[in-house]
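# Structural overview for review
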Amino acid sequence: MTITYKDAAGIAGMRVAGRLAAELLDYLTPFVKPGITTNELDKLANDYTTQVQQAISAPLNYAPSGHRPYPKAICTSINHQVCHGIPNDKPLKKGDIVNVDVTVIKDGWHGDSSRMFMVGDVSVAAKRLCALTYEAMWHGIVKIKAGAYVGDIGHAIEKFAHSHALSVVREFCGHGIGRNFHEEPQILHYGQPGTLDQLKAGMTITVEPMLNIGRREVKEAGDGWTIVTRDRSLSAQWEHTVLVTETGYEVLTLSANSPAIPSFVPVAERTPVCA
Ligand code: MF3
Ligand code: CO
Ligand code: CO
């Protein structure tokens, strides 16, 4: 899968898909409470995507090589689960932190975004992890512009994470996105400035760092999909889909109820662009 560049029509399509992904997360937000099962969230998500948004849940039956088809419409990764958690019939409980990762396909274009949710009151450590991982994502995003390097993004994220004694998962990364769910280039969440691919206007990529309280090592949990921290420490992740522009970037997965953008992000780039 090579790098693709979106023309004006492609950008318009990606803006719509990105907005729908964000609006799906907005829709799910009030339901993420103690007692709901992740299967219930999955059904709410798929019904909203297909019936209200007239769109498609990209994860459902997604089958990259080496994987069995993914069986659900969303990923729900709880506590020490890092990513790709499969919804099930277990209720969420007070104190859980859960990542909900959604990807919608609209008119062939993919919008991919995830947020952390705190279920009831959570520990100070869990709250801190969620907040710092959100900031880490934005430290990566603000590096994006035509001519910058993929390594600039990863370096910014890793530097920020390490400055707060958090580790960065290396086995999973952001990606190009467009008519395909996962395209080149890989967007690593660690690395050195000035290395790897150079960004060009018209690329659309995701930034989706996974940060752990403990060690960075992960393993597959045994269901073919769910990734967990080896030391069972808490993990958090946030994800946006972003368009690379000549002067910077445009975050495509923003919506009315997106969490506030950190104050270190330049103001011009904090205004959502309406499609
Ligand atoms: N949404 C994930 C990502 O950010 C990918 C999930 S693949 C699935 O790239 F099959 F598990 F849904
Ligand atoms: Co995702
Ligand atoms: Co992604």
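A brief report on the enclosed structure follows. Please read these numbers as outputs of a predicted model, since none were measured by experiment.

## A look at the site of ligand 1
Taken together, 14 residues lie around ligand 1, and Asp101, His175, His182, Glu208 and Glu239 are the ones closest in. Between ligand 1 and the protein, one listed contact pairs an oxygen atom with a side-chain N or O atom of His182 at 2.7 Å. The side chain of Glu208 places a nitrogen or oxygen atom 2.7 Å from an oxygen atom of ligand 1. Contact with the protein chains covers 97% of the free accessible surface of ligand 1, which is 340 Å². Put simply, ligand 1 lies in the largest pocket. Residues belonging to the shell around ligand 1 are distributed by class as follows: 6 nonpolar, 4 polar and 4 charged.

## Topic: the coordination of the cobalt ion (ligand 2)
Tetrahedral coordination by four donors sets the ideal angle at the metal to 109.5 degrees; octahedral coordination by six donors sets it to 90 or 180 degrees. Distances from the cobalt ion (ligand 2) to its protein donors, Asp101 (OD), Asp101 (OD), Asp112 (OD) and Glu239 (OE), fall within 2.0 to 2.4 Å. The coordination sphere of the cobalt ion (ligand 2) comprises 6 donor atoms, whose angles at the metal cover 57 to 164°; the geometry is irregular. Mapped onto the sequence, the donors of the cobalt ion (ligand 2) take the spacing D-x10-D-x126-E. Separating the cobalt ion (ligand 2) and the cobalt ion (ligand 3) is a distance of 3.4 Å, and Asp112 donates to both of them.

## Remarks on the packing of aromatic side chains
How two aromatic rings sit relative to each other is given by the distance of their centres and the angle of their planes. Overall, the coordinates contain 5 aromatic pairs when judged by the stated rule. Measuring from ring centre to ring centre gives 5.1 Å for Tyr70 and Trp225, while their planes differ by 85°; the resulting arrangement is edge-to-face. With Tyr70 in the loop between strand S1 (56–57) and strand S2 (75–78) and Trp225 in the loop between strand S11 (218–220) and strand S12 (227–229), the pair connects residues that are 155 residues apart, well separated along the chain. By relative accessible area, which is 2% here, Tyr70 ends up buried. On the basis of relative accessible area, Trp225 is assigned to the buried category, the value being 5%. Between Tyr134 and Trp238 the ring centres are 4.6 Å apart and the planes differ by 55°, which places this aromatic pair in the tilted class. Here the residue Tyr134 occupies a position in helix H3 (residues 124–141), and Trp238 occupies one in the loop between strand S13 (235–237) and strand S14 (240–244), the gap between them amounting to 104 residues. Judged by relative accessible area, Trp238 falls into the buried class, the value being 9%. Feature note: the residues Tyr27, Phe31 and Tyr48 constitute an aromatic cluster, connected by ring pairs. Above the plane of the ring of Tyr190 lies Arg170, whose end atom (NZ or CZ) is 4.0 Å from the centre. Arg179 extends its terminal NZ or CZ atom over the ring of Trp109, reaching a point 4.2 Å from the ring centre.

Cut-offs used in this document
- Residues numbered from 1 in each chain as written.
- Chains lettered and ligands numbered in written order.
- Predicted model: local features only at pLDDT ≥ 70, side-chain atom pairs only at ≥ 80, totals over all residues.
- Heavy atoms only, no water.
- Near = heavy atom within 4 Å.
- Polar contact = N/O pair within 3.5 Å; in protein donor to acceptor, adjacent residues only side chain to side chain.
- Areas by Shrake-Rupley, 256 points an atom, 1.4 Å probe, with all protein chains shown as cover.
- 1 Å grid on protein atoms, 1.4 Å probe; cavity = no way out; pocket = protein on both sides within 12 Å on 5 of 7 lines; lining within 4 Å.
- Sits in = over half its atoms within 2 Å of the grid points.
- Nonpolar A, V, L, I, M, F, W, Y, C, P; charged D, E, K, R; others polar.
- Donors = N, O, S within 2.8 Å, 3.2 Å for Na, K, Ca; no water.
- Tetrahedral: all angles 85-135°; square planar, octahedral: opposite > 155°, others 65-115°.
- Phe/Tyr/Trp six-rings, centres within 6.5 Å; stacked < 30°, edge-to-face > 60°.
- Helix = DSSP H or I, 4+ residues; strand = E, 2+ residues; numbered from the N terminus.
- Buried < 20%, exposed > 50% of the residue type's maximum accessible area, 1.4 Å probe, protein only.
- Lys NZ or Arg CZ within 6 Å of the ring centre and 35° of its normal.

On their own, these measurements won't tell you what the molecule is for.
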